[in-house]
Amino acid sequence: MSSFTLQTKVSDIVTAIPQAADVFRALRIDFCCGGKIPLEEAANKRKLDPETVLESIRELETKMAENHASRPGELTEPELIGYIQSKHHAFLREELPALTPYVTKLARVHGDRHPELLRVQQLFAELKAELLAHTEDEDRNVFPLVLKFVEQPGPEVSEQLKPHVSELEREHEQAGSLLKELREITGDFLPPVDACGTYRLVYQRLAALEKDTFEHIHLENNVLFDRIRAAV
């Protein structure tokens, strides 16, 4: 029998079953920055039937159990940090610079007829700067402190970590807001019917960027940082 109920927090569901992020993303239910609320409340906010959403999650739970899917939330703190760096940080460092010329070209070529693309270019530039600085800070400063705290927990390292975690969560909120505006302004990353190949490519890759970043934020906010707070 499923352990999930309407009162289970959205973030806890995604921690237990990472693939639930895809369900929530499709329904536009925030599971990372705003995920610490019951499923029922989250569904009601989106004017969705809570029971229907819960049933979708339970069906996914059964499917994942049959497939013995791996769960990053079950990793130790050092393993989880390694996972975040190798999967999410590496993706951002490769994808953000690679996507930049396509976004620029799209705004230059189609911006006159589709002025929203000029805003897409601005939002992407802000997001790129934010995420690259964010991952650099984590790798250079925060993750080494977390690993030190795991090895030698104590008040001194804990006090050092607190402002870093608060700042990272604030940056997560900012990145989440930029991504939400990108989704809205692009109509759920749906290009016009007559869109060219570059148009479609950019929207497809922006959608993939959103998916990866929300999963990245979830693992930090609702798994890694929650563990740190619980250990203090």
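Provided above is the structure to which this section pertains.
Keep in mind that what you see is a predicted model, and the values were worked out from it rather than measured.

## Remarks on the packing of helix 5 (residues 77-110) against helix 6 (residues 116-151)
Where helix 5 meets helix 6, the closest approach of the two axes is 9 Å, and the angle between their N-to-C directions is 165°. On the basis of their axis angle, the class for helix 5 and helix 6 is roughly antiparallel. Where helix 5 crosses over helix 6, the handedness of that crossing is left-handed. Residue classes in the contact of helix 5 with helix 6 are distributed as 19 nonpolar, seven polar and six charged.

## Points about the packing of aromatic side chains
The tally for this structure, following the rule as stated, stands at two aromatic pairs. On the numbers, 6.1 Å between centres and 80° between planes, the contact of F31 with F214 is edge-to-face. Residue F31 is found in the loop between helix 2 (20-27) and helix 3 (39-45), and its partner F214 is found in helix 8 (residues 197-231); the two are separated by 183 residues along the sequence. Look at F31 and you get buried, because its relative accessible area is 1%. With a centroid separation of 5.3 Å and an interplanar angle of 70°, the aromatic rings of Y199 and Y203 are classed as edge-to-face. Highlighted residues: Y199 and Y203, both in helix 8, separated by four residues, approximately one helical turn. Of the two residues, Y199 and Y203, both sit in the buried class.

## Describing the packing of helix 6 against helix 7 (residues 155-185)
At a closest axis distance of 9 Å, the pairing of helix 6 and helix 7 adopts a crossing angle of 160°. As summarised for this structure, helix 6 and helix 7 are arranged roughly antiparallel, according to the angle between their axes. Between helix 6 and helix 7 lies a crossing of left-handed hand. Looking at the contact of helix 6 with helix 7 residue by residue, the classes come out as 16 nonpolar, seven polar and nine charged.

## A closer look at helix 7
In this model, helix 7 (31 residues) spans 45 Å end to end at C-alpha, consistent with the 45 Å of a helix rising 1.5 Å per residue. At L161, helix 7 shows its maximal bend, which comes to roughly 25°, and the proline P163 appears one to four places after that position. Positive backbone phi, at 60°, marks G187, one or two positions downstream of helix 7.

The rules behind each value
Residues numbered from 1 in each chain as written. Predicted model: local features only at pLDDT ≥ 70, side-chain atom pairs only at ≥ 80, totals over all residues. Heavy atoms only, no water. Axes fitted to C-alpha atoms, helices over the stretch in contact; angles between N-to-C directions. Helix = DSSP H or I, 4+ residues; strand = E, 2+ residues; numbered from the N terminus. Parallel < 35°, antiparallel > 145°, perpendicular 65-115°, else oblique. Left-handed = near helix turned anticlockwise from the far one by under 90°. Nonpolar A, V, L, I, M, F, W, Y, C, P; charged D, E, K, R; others polar. Phe/Tyr/Trp six-rings, centres within 6.5 Å; stacked < 30°, edge-to-face > 60°. Buried < 20%, exposed > 50% of the residue type's maximum accessible area, 1.4 Å probe, protein only. Expected span 1.5 Å × (residues − 1). Bend = angle between axes of the 7 residues up to and from the residue.

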